[in-house]
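This is what each chain is made of:
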Amino acid sequence: MPQDSSKTNNSSFDILILAAGLGTRMKSGLAKVLHKLDGRPLIAHVCRTAAALGPRTIHVVVGHQAEQVRAAVDQELGPGKAAFIHQAEQRGTGDAVLAARDALADANSTVLILSGDVPLVRAESLQAFIKEHVASKASCTILTIRLENPTDYGRIVRDDADSFLKIAEQKDANDEERQIREVNSGIYCFDSSKLFRAIQQIQPTNSQHEYYLTDVPGILKGDGEQVSLYQQSDAREVSGINTRAELAEFENLLRRRTIRGLMLDAGVTFIDPSHSYISSDAKIGRDCIIHPDVHIEGESVLGEACEIQQGSRVVSSRLGNRVNIKDHCLIIDSSIADDCAVGPFAHLRMNAEMEERAVVGNFVEVKKSKIGRGTKSMHLTYLGDATIGENTNIGAGTVTCNYDGKNKNPTFIEDNVRIGSDTMLVAPVRVGKGSVTAAGSVVTEDVPPNTLVAGVPAKVKKKLDD
Ligand code: UD1
Ligand code: CA
(Lines give C-alpha, C1' and ligand atoms only; values in the text may rest on other atoms or scores of the structure.)
(Ligands and ions follow the chains in the order given, each with its own letter.)
Protein backbone atom coordinates (compact mmCIF):
# COMPACT_ATOMS: atom_id res chain seq x y z
CA MET A 1 0.00 0.00 0.00
CA PRO A 2 1.39 3.45 -0.80
CA GLN A 3 2.67 5.14 2.33
CA ASP A 4 2.83 8.63 0.88
CA SER A 5 0.28 10.75 2.68
CA SER A 6 1.91 14.08 1.91
CA LYS A 7 -0.91 14.91 -0.48
CA THR A 8 -3.40 15.31 2.38
CA ASN A 9 -1.64 17.49 4.91
CA ASN A 10 0.30 14.57 6.33
CA SER A 11 -2.83 13.03 7.80
CA SER A 12 -3.18 9.33 7.21
CA PHE A 13 -6.45 8.07 5.87
CA ASP A 14 -8.02 4.81 4.75
CA ILE A 15 -10.42 4.24 1.88
CA LEU A 16 -13.46 2.01 2.07
CA ILE A 17 -15.24 1.21 -1.22
CA LEU A 18 -18.76 -0.25 -1.09
CA ALA A 19 -19.23 -2.78 -3.86
CA ALA A 20 -21.29 -5.66 -2.48
CA GLY A 21 -24.69 -4.78 -3.94
CA LEU A 22 -26.31 -6.44 -6.93
CA GLY A 23 -27.70 -3.26 -8.41
CA THR A 24 -31.32 -4.28 -8.86
CA ARG A 25 -32.11 -1.35 -11.13
CA MET A 26 -29.61 -2.65 -13.73
CA LYS A 27 -31.97 -5.63 -14.32
CA SER A 28 -28.91 -7.79 -14.81
CA GLY A 29 -27.41 -11.12 -13.81
CA LEU A 30 -24.10 -9.30 -13.53
CA ALA A 31 -23.29 -7.29 -10.40
CA LYS A 32 -23.55 -3.58 -11.19
CA VAL A 33 -19.93 -2.72 -10.37
CA LEU A 34 -18.80 -5.27 -13.00
CA HIS A 35 -20.64 -3.54 -15.83
CA LYS A 36 -18.15 -1.83 -18.09
CA LEU A 37 -17.62 1.84 -18.72
CA ASP A 38 -14.91 2.88 -21.18
CA GLY A 39 -13.93 -0.81 -21.44
CA ARG A 40 -13.29 -1.29 -17.72
CA PRO A 41 -15.60 -2.42 -14.90
CA LEU A 42 -17.09 0.43 -12.84
CA ILE A 43 -15.22 -0.79 -9.76
CA ALA A 44 -11.90 -0.50 -11.63
CA HIS A 45 -12.53 3.21 -12.21
CA VAL A 46 -13.16 3.82 -8.52
CA CYS A 47 -10.09 1.75 -7.54
CA ARG A 48 -7.79 3.67 -9.89
CA THR A 49 -8.93 6.98 -8.41
CA ALA A 50 -8.63 5.62 -4.87
CA ALA A 51 -5.06 4.48 -5.47
CA ALA A 52 -4.12 7.86 -6.95
CA LEU A 53 -4.97 9.46 -3.60
CA GLY A 54 -2.22 7.52 -1.85
CA PRO A 55 -4.22 6.22 1.11
CA ARG A 56 -2.82 4.05 3.88
CA THR A 57 -5.14 1.18 2.88
CA ILE A 58 -7.90 0.46 0.37
CA HIS A 59 -10.63 -1.85 1.65
CA VAL A 60 -13.35 -3.08 -0.68
CA VAL A 61 -16.62 -4.53 0.63
CA VAL A 62 -17.67 -7.40 -1.64
CA GLY A 63 -20.72 -9.68 -1.63
CA HIS A 64 -22.58 -10.25 -4.88
CA GLN A 65 -20.24 -12.10 -7.28
CA ALA A 66 -17.47 -11.45 -4.80
CA GLU A 67 -14.91 -13.51 -6.74
CA GLN A 68 -15.38 -11.59 -9.96
CA VAL A 69 -15.35 -8.25 -8.14
CA ARG A 70 -12.12 -9.19 -6.35
CA ALA A 71 -10.60 -10.23 -9.68
CA ALA A 72 -11.59 -6.91 -11.26
CA VAL A 73 -10.01 -4.98 -8.36
CA ASP A 74 -6.83 -7.05 -8.46
CA GLN A 75 -6.56 -6.65 -12.20
CA GLU A 76 -6.77 -2.87 -11.86
CA LEU A 77 -4.52 -2.39 -8.83
CA GLY A 78 -2.35 -5.50 -8.85
CA PRO A 79 -2.84 -8.39 -6.42
CA GLY A 80 -2.58 -7.58 -2.73
CA LYS A 81 -3.02 -3.81 -3.12
CA ALA A 82 -6.58 -3.84 -1.81
CA ALA A 83 -7.97 -5.77 1.15
CA PHE A 84 -11.41 -7.38 0.82
CA ILE A 85 -14.23 -7.50 3.32
CA HIS A 86 -17.08 -9.91 2.80
CA GLN A 87 -20.61 -8.70 3.43
CA ALA A 88 -22.49 -11.99 3.68
CA GLU A 89 -25.96 -10.58 3.13
CA GLN A 90 -26.68 -7.25 1.46
CA ARG A 91 -28.64 -5.51 4.17
CA GLY A 92 -27.83 -1.95 3.15
CA THR A 93 -24.96 0.51 2.94
CA GLY A 94 -24.78 0.81 6.75
CA ASP A 95 -24.43 -2.94 7.10
CA ALA A 96 -21.71 -2.91 4.42
CA VAL A 97 -19.69 -0.39 6.44
CA LEU A 98 -20.33 -2.31 9.65
CA ALA A 99 -18.73 -5.36 8.00
CA ALA A 100 -15.49 -3.33 7.89
CA ARG A 101 -15.52 -2.61 11.63
CA ASP A 102 -12.82 -5.13 12.59
CA ALA A 103 -10.58 -3.91 9.83
CA LEU A 104 -10.96 -0.16 10.42
CA ALA A 105 -12.47 0.71 13.83
CA ASP A 106 -9.06 0.89 15.50
CA ALA A 107 -7.42 2.66 12.61
CA ASN A 108 -7.85 5.99 14.39
CA SER A 109 -7.81 7.81 11.13
CA THR A 110 -10.03 9.41 8.57
CA VAL A 111 -12.04 6.94 6.51
CA LEU A 112 -13.02 8.07 3.03
CA ILE A 113 -16.07 6.09 1.89
CA LEU A 114 -16.62 5.71 -1.84
CA SER A 115 -19.31 3.88 -3.81
CA GLY A 116 -18.39 1.30 -6.42
CA ASP A 117 -21.06 2.82 -8.67
CA VAL A 118 -19.72 6.41 -8.74
CA PRO A 119 -16.96 5.99 -11.33
CA LEU A 120 -16.19 9.48 -12.64
CA VAL A 121 -15.13 11.25 -9.47
CA ARG A 122 -11.66 12.74 -9.91
CA ALA A 123 -8.76 12.32 -7.50
CA GLU A 124 -8.26 16.12 -7.37
CA SER A 125 -11.83 16.64 -6.16
CA LEU A 126 -11.46 13.99 -3.47
CA GLN A 127 -8.15 15.44 -2.38
CA ALA A 128 -9.77 18.84 -1.84
CA PHE A 129 -12.66 17.12 -0.03
CA ILE A 130 -10.37 15.26 2.40
CA LYS A 131 -8.34 18.38 3.03
CA GLU A 132 -11.48 20.32 3.92
CA HIS A 133 -12.66 17.53 6.24
CA VAL A 134 -9.35 17.36 8.08
CA ALA A 135 -9.19 21.15 8.44
CA SER A 136 -12.78 21.39 9.75
CA LYS A 137 -12.25 18.93 12.62
CA ALA A 138 -15.73 17.54 11.88
CA SER A 139 -16.53 13.90 12.76
CA CYS A 140 -18.17 13.53 9.39
CA THR A 141 -18.16 15.49 6.14
CA ILE A 142 -20.65 14.62 3.42
CA LEU A 143 -19.93 15.41 -0.21
CA THR A 144 -23.14 16.86 -1.63
CA ILE A 145 -24.36 18.03 -5.01
CA ARG A 146 -27.30 20.05 -6.27
CA LEU A 147 -29.32 18.29 -8.96
CA GLU A 148 -32.08 19.54 -11.23
CA ASN A 149 -33.72 16.18 -10.76
CA PRO A 150 -32.84 14.77 -7.33
CA THR A 151 -35.08 11.69 -7.66
CA ASP A 152 -33.69 8.52 -6.08
CA TYR A 153 -30.96 10.32 -4.12
CA GLY A 154 -30.86 10.89 -0.37
CA ARG A 155 -31.87 14.54 0.32
CA ILE A 156 -29.76 16.73 2.58
CA VAL A 157 -32.06 18.27 5.18
CA ARG A 158 -30.68 21.40 6.85
CA ASP A 159 -31.86 23.00 10.11
CA ASP A 160 -32.91 26.64 10.68
CA ALA A 161 -29.27 27.66 11.03
CA ASP A 162 -28.62 26.08 7.61
CA SER A 163 -26.48 23.36 9.19
CA PHE A 164 -26.83 19.66 8.53
CA LEU A 165 -29.79 18.00 10.19
CA LYS A 166 -30.25 14.61 8.51
CA ILE A 167 -30.38 12.70 5.24
CA ALA A 168 -33.83 11.69 4.00
CA GLU A 169 -33.77 8.79 1.54
CA GLN A 170 -36.07 9.06 -1.50
CA LYS A 171 -38.40 6.31 -0.29
CA ASP A 172 -38.65 7.71 3.23
CA ALA A 173 -38.73 11.44 2.52
CA ASN A 174 -41.90 13.48 2.99
CA ASP A 175 -43.24 15.76 0.26
CA GLU A 176 -41.39 18.78 1.58
CA GLU A 177 -38.09 16.91 1.78
CA ARG A 178 -38.53 15.63 -1.75
CA GLN A 179 -38.44 19.22 -2.98
CA ILE A 180 -34.82 19.52 -1.76
CA ARG A 181 -32.33 19.60 -4.59
CA GLU A 182 -29.18 19.15 -2.51
CA VAL A 183 -28.42 15.43 -2.34
CA ASN A 184 -25.97 12.98 -0.80
CA SER A 185 -23.34 11.80 -3.29
CA GLY A 186 -22.58 8.67 -1.22
CA ILE A 187 -19.05 9.96 -0.63
CA TYR A 188 -18.11 10.74 2.96
CA CYS A 189 -15.19 11.34 5.27
CA PHE A 190 -15.57 9.98 8.79
CA ASP A 191 -13.48 9.93 11.89
CA SER A 192 -13.13 6.14 12.05
CA SER A 193 -13.71 5.55 15.76
CA LYS A 194 -16.77 7.83 15.82
CA LEU A 195 -18.18 6.21 12.69
CA PHE A 196 -18.02 2.71 14.11
CA ARG A 197 -19.42 3.82 17.47
CA ALA A 198 -22.42 5.54 15.86
CA ILE A 199 -23.09 2.89 13.26
CA GLN A 200 -24.02 0.37 15.94
CA GLN A 201 -27.09 2.46 16.67
CA ILE A 202 -28.65 2.31 13.20
CA GLN A 203 -31.83 0.27 12.78
CA PRO A 204 -33.59 -0.98 9.62
CA THR A 205 -36.71 0.96 10.57
CA ASN A 206 -37.31 2.43 7.12
CA SER A 207 -39.36 1.65 4.06
CA GLN A 208 -36.68 -0.64 2.61
CA HIS A 209 -35.89 -2.43 5.89
CA GLU A 210 -32.24 -1.74 5.28
CA TYR A 211 -29.41 -0.50 7.45
CA TYR A 212 -28.76 2.95 6.01
CA LEU A 213 -25.28 4.43 6.26
CA THR A 214 -27.10 7.72 5.73
CA ASP A 215 -28.52 7.50 9.27
CA VAL A 216 -25.03 7.76 10.77
CA PRO A 217 -24.44 11.51 10.20
CA GLY A 218 -27.78 12.26 11.90
CA ILE A 219 -26.82 10.09 14.88
CA LEU A 220 -23.46 11.87 15.17
CA LYS A 221 -25.20 15.23 15.02
CA GLY A 222 -27.60 14.10 17.78
CA ASP A 223 -24.58 13.14 19.90
CA GLY A 224 -23.31 16.70 19.60
CA GLU A 225 -20.68 15.95 16.97
CA GLN A 226 -19.95 18.30 14.11
CA VAL A 227 -21.21 17.13 10.70
CA SER A 228 -20.07 19.26 7.74
CA LEU A 229 -21.39 19.51 4.21
CA TYR A 230 -19.08 19.98 1.27
CA GLN A 231 -20.87 20.92 -1.91
CA GLN A 232 -19.22 19.84 -5.14
CA SER A 233 -19.95 22.03 -8.16
CA ASP A 234 -19.62 19.45 -10.96
CA ALA A 235 -22.64 17.29 -10.26
CA ARG A 236 -21.95 14.85 -13.04
CA GLU A 237 -18.60 13.89 -11.62
CA VAL A 238 -20.11 12.46 -8.46
CA SER A 239 -23.36 11.11 -9.88
CA GLY A 240 -23.95 7.40 -9.43
CA ILE A 241 -24.88 4.85 -12.05
CA ASN A 242 -28.00 2.95 -11.14
CA THR A 243 -29.52 2.03 -14.50
CA ARG A 244 -28.35 1.03 -17.96
CA ALA A 245 -29.66 4.33 -19.27
CA GLU A 246 -27.30 6.16 -16.90
CA LEU A 247 -24.47 3.82 -17.87
CA ALA A 248 -25.00 4.70 -21.54
CA GLU A 249 -25.07 8.43 -20.70
CA PHE A 250 -21.77 8.17 -18.84
CA GLU A 251 -20.22 6.16 -21.68
CA ASN A 252 -21.24 8.86 -24.10
CA LEU A 253 -19.86 11.59 -21.86
CA LEU A 254 -16.50 9.88 -21.44
CA ARG A 255 -16.25 9.11 -25.13
CA ARG A 256 -16.93 12.71 -26.09
CA ARG A 257 -14.34 13.90 -23.58
CA THR A 258 -11.70 11.49 -24.90
CA ILE A 259 -12.31 12.35 -28.56
CA ARG A 260 -12.37 16.09 -27.89
CA GLY A 261 -9.01 15.76 -26.12
CA LEU A 262 -7.57 13.83 -29.06
CA MET A 263 -8.77 16.45 -31.55
CA LEU A 264 -7.67 19.50 -29.55
CA ASP A 265 -4.51 18.27 -27.84
CA ALA A 266 -3.21 15.41 -29.96
CA GLY A 267 -4.13 16.65 -33.45
CA VAL A 268 -6.23 13.67 -34.52
CA THR A 269 -8.92 14.00 -37.22
CA PHE A 270 -12.28 12.34 -36.65
CA ILE A 271 -14.53 12.22 -39.71
CA ASP A 272 -17.54 11.82 -37.41
CA PRO A 273 -16.70 12.20 -33.69
CA SER A 274 -20.15 11.04 -32.61
CA HIS A 275 -19.60 7.67 -34.29
CA SER A 276 -16.07 6.94 -33.08
CA TYR A 277 -15.30 4.80 -30.04
CA ILE A 278 -11.93 5.38 -28.42
CA SER A 279 -10.71 4.07 -25.06
CA SER A 280 -9.42 6.80 -22.78
CA ASP A 281 -6.34 4.60 -22.26
CA ALA A 282 -5.47 4.64 -25.99
CA LYS A 283 -2.78 6.93 -27.40
CA ILE A 284 -3.18 8.28 -30.93
CA GLY A 285 -0.51 10.29 -32.74
CA ARG A 286 -0.73 13.53 -34.68
CA ASP A 287 -2.44 13.60 -38.09
CA CYS A 288 -4.11 10.24 -37.70
CA ILE A 289 -7.50 10.09 -39.44
CA ILE A 290 -10.24 8.07 -37.81
CA HIS A 291 -13.26 7.19 -39.94
CA PRO A 292 -16.77 6.45 -38.61
CA ASP A 293 -17.57 3.29 -36.64
CA VAL A 294 -13.98 2.70 -35.66
CA HIS A 295 -13.27 1.23 -32.22
CA ILE A 296 -9.88 1.66 -30.59
CA GLU A 297 -9.84 -0.25 -27.33
CA GLY A 298 -7.58 -0.90 -24.36
CA GLU A 299 -4.11 0.56 -24.17
CA SER A 300 -3.65 0.69 -27.93
CA VAL A 301 -0.98 3.01 -29.30
CA LEU A 302 -1.11 4.53 -32.79
CA GLY A 303 1.85 6.46 -34.21
CA GLU A 304 1.50 9.50 -36.44
CA ALA A 305 -0.47 9.86 -39.68
CA CYS A 306 -2.23 6.50 -39.53
CA GLU A 307 -5.60 6.16 -41.25
CA ILE A 308 -8.21 3.82 -39.83
CA GLN A 309 -11.07 3.27 -42.23
CA GLN A 310 -14.69 2.62 -41.49
CA GLY A 311 -15.73 -0.21 -39.20
CA SER A 312 -12.33 -1.40 -38.00
CA ARG A 313 -11.58 -2.43 -34.41
CA VAL A 314 -8.10 -2.15 -32.89
CA VAL A 315 -7.74 -3.78 -29.46
CA SER A 316 -4.64 -3.59 -27.23
CA SER A 317 -2.37 -3.24 -30.26
CA ARG A 318 0.51 -1.03 -31.38
CA LEU A 319 0.65 0.68 -34.74
CA GLY A 320 3.68 2.58 -36.02
CA ASN A 321 3.54 5.65 -38.26
CA ARG A 322 1.59 5.94 -41.52
CA VAL A 323 -0.19 2.61 -41.05
CA ASN A 324 -3.27 2.26 -43.24
CA ILE A 325 -6.02 0.06 -41.83
CA LYS A 326 -8.69 -0.33 -44.50
CA ASP A 327 -12.37 -1.02 -43.89
CA HIS A 328 -13.68 -3.66 -41.47
CA CYS A 329 -10.51 -5.09 -39.94
CA LEU A 330 -10.14 -6.69 -36.50
CA ILE A 331 -6.72 -6.28 -34.90
CA ILE A 332 -6.21 -7.74 -31.42
CA ASP A 333 -3.02 -7.92 -29.30
CA SER A 334 -0.85 -7.31 -32.36
CA SER A 335 1.81 -4.93 -33.57
CA ILE A 336 2.13 -3.26 -36.96
CA ALA A 337 5.25 -1.30 -37.92
CA ASP A 338 5.59 1.87 -40.02
CA ASP A 339 4.07 2.08 -43.52
CA CYS A 340 2.14 -1.19 -43.38
CA ALA A 341 -1.29 -1.66 -44.93
CA VAL A 342 -4.00 -4.00 -43.67
CA GLY A 343 -7.39 -5.03 -45.04
CA PRO A 344 -10.10 -4.58 -46.00
CA PHE A 345 -11.61 -7.42 -43.96
CA ALA A 346 -8.39 -8.67 -42.35
CA HIS A 347 -7.99 -10.28 -38.93
CA LEU A 348 -4.79 -10.06 -36.90
CA ARG A 349 -4.64 -11.69 -33.47
CA MET A 350 -2.48 -13.28 -30.77
CA ASN A 351 0.72 -11.33 -31.23
CA ALA A 352 0.59 -11.04 -34.96
CA GLU A 353 3.51 -8.86 -35.97
CA MET A 354 4.02 -6.97 -39.19
CA GLU A 355 7.39 -5.41 -39.92
CA GLU A 356 7.82 -2.20 -41.94
CA ARG A 357 6.01 -1.95 -45.27
CA ALA A 358 4.37 -5.37 -44.96
CA VAL A 359 0.92 -5.67 -46.53
CA VAL A 360 -1.98 -7.90 -45.56
CA GLY A 361 -4.98 -7.74 -47.86
CA ASN A 362 -8.60 -8.77 -47.92
CA PHE A 363 -9.80 -11.86 -46.09
CA VAL A 364 -6.39 -12.63 -44.64
CA GLU A 365 -6.14 -13.97 -41.07
CA VAL A 366 -2.81 -13.69 -39.27
CA LYS A 367 -2.49 -15.50 -35.96
CA LYS A 368 0.67 -15.58 -33.82
CA SER A 369 2.79 -14.97 -36.87
CA LYS A 370 5.49 -12.59 -37.93
CA ILE A 371 5.48 -11.03 -41.38
CA GLY A 372 8.81 -9.62 -42.50
CA ARG A 373 9.67 -6.25 -44.00
CA GLY A 374 8.00 -5.61 -47.37
CA THR A 375 6.29 -9.01 -47.48
CA LYS A 376 2.81 -9.16 -49.00
CA SER A 377 -0.14 -11.45 -48.47
CA MET A 378 -2.93 -9.88 -50.45
CA HIS A 379 -5.90 -12.25 -50.61
CA LEU A 380 -7.83 -15.04 -48.87
CA THR A 381 -5.12 -16.53 -46.71
CA TYR A 382 -4.56 -18.07 -43.26
CA LEU A 383 -1.16 -17.54 -41.68
CA GLY A 384 -0.94 -19.22 -38.27
CA ASP A 385 2.22 -19.90 -36.19
CA ALA A 386 4.26 -18.73 -39.16
CA THR A 387 7.51 -16.81 -39.37
CA ILE A 388 7.86 -15.13 -42.73
CA GLY A 389 10.96 -13.31 -43.95
CA GLU A 390 11.38 -10.15 -46.01
CA ASN A 391 10.14 -9.32 -49.52
CA THR A 392 8.23 -12.53 -49.82
CA ASN A 393 4.92 -12.87 -51.68
CA ILE A 394 2.16 -15.10 -50.38
CA GLY A 395 -0.28 -16.01 -53.18
CA ALA A 396 -4.06 -15.93 -52.93
CA GLY A 397 -5.65 -18.77 -50.99
CA THR A 398 -2.49 -19.90 -49.19
CA VAL A 399 -3.03 -21.81 -45.95
CA THR A 400 -0.55 -22.71 -43.26
CA CYS A 401 -1.96 -26.05 -42.13
CA ASN A 402 -0.69 -25.55 -38.59
CA TYR A 403 -2.94 -27.88 -36.62
CA ASP A 404 -2.57 -31.64 -36.88
CA GLY A 405 -5.44 -32.34 -34.49
CA LYS A 406 -3.14 -32.35 -31.46
CA ASN A 407 -0.48 -29.70 -31.80
CA LYS A 408 -0.02 -26.32 -33.39
CA ASN A 409 3.04 -26.61 -35.65
CA PRO A 410 5.24 -23.83 -37.01
CA THR A 411 5.80 -22.76 -40.61
CA PHE A 412 8.94 -20.89 -41.69
CA ILE A 413 9.03 -19.02 -44.97
CA GLU A 414 12.34 -17.31 -45.58
CA ASP A 415 13.24 -14.13 -47.52
CA ASN A 416 12.39 -13.54 -51.20
CA VAL A 417 10.05 -16.53 -51.51
CA ARG A 418 7.07 -16.73 -53.87
CA ILE A 419 4.29 -18.92 -52.55
CA GLY A 420 1.94 -19.75 -55.46
CA SER A 421 -1.81 -19.34 -55.20
CA ASP A 422 -3.63 -22.00 -53.22
CA THR A 423 -0.48 -23.50 -51.70
CA MET A 424 -1.07 -25.67 -48.61
CA LEU A 425 1.91 -25.55 -46.26
CA VAL A 426 1.59 -28.63 -44.03
CA ALA A 427 3.43 -27.67 -40.83
CA PRO A 428 5.94 -28.17 -39.44
CA VAL A 429 7.57 -27.07 -42.64
CA ARG A 430 10.17 -24.65 -43.96
CA VAL A 431 10.47 -22.97 -47.35
CA GLY A 432 14.06 -21.87 -47.98
CA LYS A 433 14.97 -18.41 -49.25
CA GLY A 434 14.46 -17.61 -52.91
CA SER A 435 12.22 -20.65 -53.47
CA VAL A 436 8.92 -20.86 -55.34
CA THR A 437 5.87 -23.05 -54.84
CA ALA A 438 3.68 -23.55 -57.90
CA ALA A 439 -0.07 -22.87 -57.73
CA GLY A 440 -1.96 -25.60 -55.88
CA SER A 441 1.13 -27.18 -54.28
CA VAL A 442 0.69 -29.20 -51.11
CA VAL A 443 4.01 -28.79 -49.34
CA THR A 444 4.63 -31.56 -46.81
CA GLU A 445 8.41 -31.47 -46.69
CA ASP A 446 10.96 -28.71 -46.24
CA VAL A 447 11.85 -26.89 -49.44
CA PRO A 448 15.57 -26.12 -49.79
CA PRO A 449 16.64 -22.57 -50.83
CA ASN A 450 16.27 -21.50 -54.46
CA THR A 451 14.05 -24.40 -55.44
CA LEU A 452 10.77 -24.67 -57.37
CA VAL A 453 8.31 -27.22 -56.03
CA ALA A 454 4.94 -28.28 -57.44
CA GLY A 455 2.29 -30.97 -57.12
CA VAL A 456 0.38 -32.87 -54.48
CA PRO A 457 2.37 -33.50 -52.38
CA ALA A 458 4.85 -31.11 -53.85
CA LYS A 459 7.92 -32.61 -55.53
CA VAL A 460 11.15 -30.87 -56.47
CA LYS A 461 11.03 -29.91 -60.14
CA LYS A 462 14.25 -28.02 -60.57
CA LYS A 463 16.97 -25.96 -58.94
CA LEU A 464 16.55 -22.21 -59.52
CA ASP A 465 19.22 -19.63 -60.27
CA ASP A 466 20.27 -17.54 -57.25
C1 UD1 B 1 -27.07 5.70 -1.76
C2 UD1 B 1 -27.44 6.56 -0.56
C3 UD1 B 1 -28.10 7.83 -1.05
C4 UD1 B 1 -27.21 8.55 -2.05
C5 UD1 B 1 -26.78 7.64 -3.18
C6 UD1 B 1 -25.71 8.33 -4.02
C7 UD1 B 1 -27.89 4.99 1.25
C8 UD1 B 1 -28.94 4.35 2.09
N9 UD1 B 1 -28.34 5.83 0.30
O10 UD1 B 1 -28.28 5.31 -2.38
O11 UD1 B 1 -28.38 8.69 0.04
O12 UD1 B 1 -27.87 9.71 -2.54
O13 UD1 B 1 -26.22 6.43 -2.66
O14 UD1 B 1 -25.27 7.55 -5.08
O15 UD1 B 1 -26.73 4.76 1.47
N16 UD1 B 1 -23.84 -1.66 -1.23
C17 UD1 B 1 -23.21 -2.66 -0.50
N18 UD1 B 1 -23.95 -3.42 0.33
C19 UD1 B 1 -25.29 -3.26 0.52
C20 UD1 B 1 -25.93 -2.24 -0.25
C21 UD1 B 1 -25.19 -1.44 -1.10
O22 UD1 B 1 -22.00 -2.85 -0.62
O23 UD1 B 1 -25.88 -4.00 1.32
C24 UD1 B 1 -23.02 -0.84 -2.16
C25 UD1 B 1 -23.50 -0.95 -3.60
O26 UD1 B 1 -22.80 -2.00 -4.27
C27 UD1 B 1 -23.15 0.43 -4.16
C28 UD1 B 1 -23.18 1.34 -2.95
O29 UD1 B 1 -23.16 0.52 -1.81
O30 UD1 B 1 -21.85 0.43 -4.72
C31 UD1 B 1 -24.44 2.22 -2.94
O32 UD1 B 1 -25.59 1.38 -2.93
P33 UD1 B 1 -26.89 1.73 -3.75
O34 UD1 B 1 -27.90 0.66 -3.49
O35 UD1 B 1 -26.59 2.05 -5.15
O36 UD1 B 1 -27.39 3.06 -2.98
P37 UD1 B 1 -28.36 4.18 -3.54
O38 UD1 B 1 -29.76 3.67 -3.53
O39 UD1 B 1 -27.83 4.72 -4.81
CA1 CA C 1 -26.18 4.11 -6.21
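In this text the structure is predicted, and so the values were computed from the model without any measurement.

### Structural notes on the confidence of the model for the protein chain
Part 1 of the argument: Chain-level statistics for the protein chain give a pLDDT mean of 96 and a share of 98% at 70 or above.
Part 2 of the argument: Across the protein chain, the element-wise mean pLDDT spans from 93 in strand 40 (residues 459-463) up to 99 in strand 18 (residues 307-308).
Part 3 of the argument: Scored below 50 in pLDDT, residues 1-10 makes 21 contacts in the model with residues more than four places away or belonging to other chains.

### Notes on the coordination of the calcium ion (ligand 2)
Part 1 of the argument: Coordination of the calcium ion (ligand 2) by the protein comes from Asp-117 (OD) and Asn-242 (OD1), over a distance range of 2.3 to 2.6 Å. Taken together, the residues Asp-117 in the loop between strand 6 (110-115) and helix 5 (123-136) and Asn-242 in the loop between strand 11 (227-231) and helix 9 (244-266) connect sequence positions 125 residues apart. Pair check on accessibility: Asp-117 and Asn-242 agree, each one buried.

### Here's the deal with the site of ligand 1
Part 1 of the argument: Taken together, 24 residues sit near ligand 1, with Leu-18, Gln-87, Thr-93, Glu-169 and Asn-184 positioned nearest.
Part 2 of the argument: Arg-91 has a polar backbone atom sitting 3.4 Å from an oxygen atom of ligand 1.
Part 3 of the argument: Here an oxygen atom of ligand 1 sits 2.9 Å away from a polar atom, N or O, in the main chain of Gly-154.
Part 4 of the argument: Within the complex, 89% of the 760 Å² of free accessible area of ligand 1 lies under protein.
Part 5 of the argument: Of all the secondary-structure elements, those providing two or more residues to the shell around ligand 1 are helix 3 (93-98) and strand 10 (182-191).
Part 6 of the argument: A total of 3 residues in the shell around ligand 1 trace back to one element, the largest contributor, which is strand 10.
Part 7 of the argument: Considered class by class, the residues forming the shell around ligand 1 number 6 nonpolar, 13 polar and 5 charged.

### A short note on helix 5
Part 1 of the argument: Taking 1.5 Å per residue, 14 residues should reach 20 Å; helix 5 reaches 20 Å between its end C-alpha atoms and fits that length.
Part 2 of the argument: The first or second residue beyond helix 5 is Lys-137, which carries a positive phi of 65°.

### With respect to the environment of Val-366
Part 1 of the argument: Position of Val-366 among the secondary structure elements: in strand 27 (residues 359-367).
Part 2 of the argument: Through-space distance from the C-alpha of Val-366 to that of Gly-63 is 42 Å; in sequence the pair is 303 residues apart.
Part 3 of the argument: Leave out the neighbours within four places in its chain, and Val-366 touches His-347, Leu-348, Arg-349, Ala-352, Val-360, Ile-371 and Leu-383.

### Some thoughts on the sheet that holds strand 23 (residues 335-336)
Backbone hydrogen bonds hold the strands of a sheet together, and the pairing may be parallel or antiparallel.
Part 1 of the argument: Overall, parallel pairing links the 9 strands, which are arranged 14-17-20-23-26-28-30-33-36 in an open sheet. In the strand order of this sheet, the two ends are held by strand 14 (283-284) and strand 36 (429-431), each with one partner.
Part 2 of the argument: With 2 bridges connecting them, strand 20 (residues 318-319) and strand 23 associate as parallel partners. Within the sheet, the bridge partner assigned to Arg-318 lies in strand 23 and is Ser-335.

Conventions and cut-offs
Counting restarts for each chain, with residues numbered from 1 along the sequence as it is written. Chains and ligands are labelled by the order in which they are written, letters from A for the one and numbers from 1 for the other. Predicted model: local features are reported for residues with pLDDT of at least 70 only, side-chain atom pairs are reported and counted for 80 or more only, and whole-chain, interface and lining totals are derived from all residues. In computing side-chain properties, one takes all heavy atoms of the structure into account and sets aside hydrogens as well as water. For every residue, the predictor assigns a confidence score, pLDDT, that lies between 0 and 100. The helix and strand labels rest on DSSP assignments: H or I over at least four residues marks a helix, E over at least two residues marks a strand, and numbering proceeds from the N terminus. The contact rule is simple, with two residues in contact once any of their heavy atoms fall within 4.5 Å. Shown as donors are all N, O and S atoms within 2.8 Å of a metal ion, widened to 3.2 Å for Na, K and Ca; because water is not in the atom set, sites may appear incomplete. A simple rule labels every residue: compare its accessible area, found with a 1.4 Å probe on the protein chains alone, to the largest value its type can have, and call it buried under 20%, exposed over 50%, or partly exposed in between. Working definition: residue near molecule or strand if any one of its non-hydrogen atoms lies within 4 Å of it. As used in this structure description, the phrase polar contact means that two N or O atoms lie within 3.5 Å; if the pair is within protein, one of them must be able to donate a hydrogen and the other to accept it, and residues adjacent in sequence are counted only when both atoms belong to side chains. Only the protein chains shown count as cover for residues, and all accessible areas are computed by the Shrake-Rupley method using a 1.4 Å probe. All amino acids are sorted into three groups, where Ala, Val, Leu, Ile, Met, Phe, Trp, Tyr, Cys and Pro are nonpolar, Asp, Glu, Lys and Arg are charged, and the leftover types, Gly among them, are polar. The span expected for a helix works out to 1.5 Å for each residue beyond the first. Should DSSP find at least two bridges between two strands, the strands are taken to pair.

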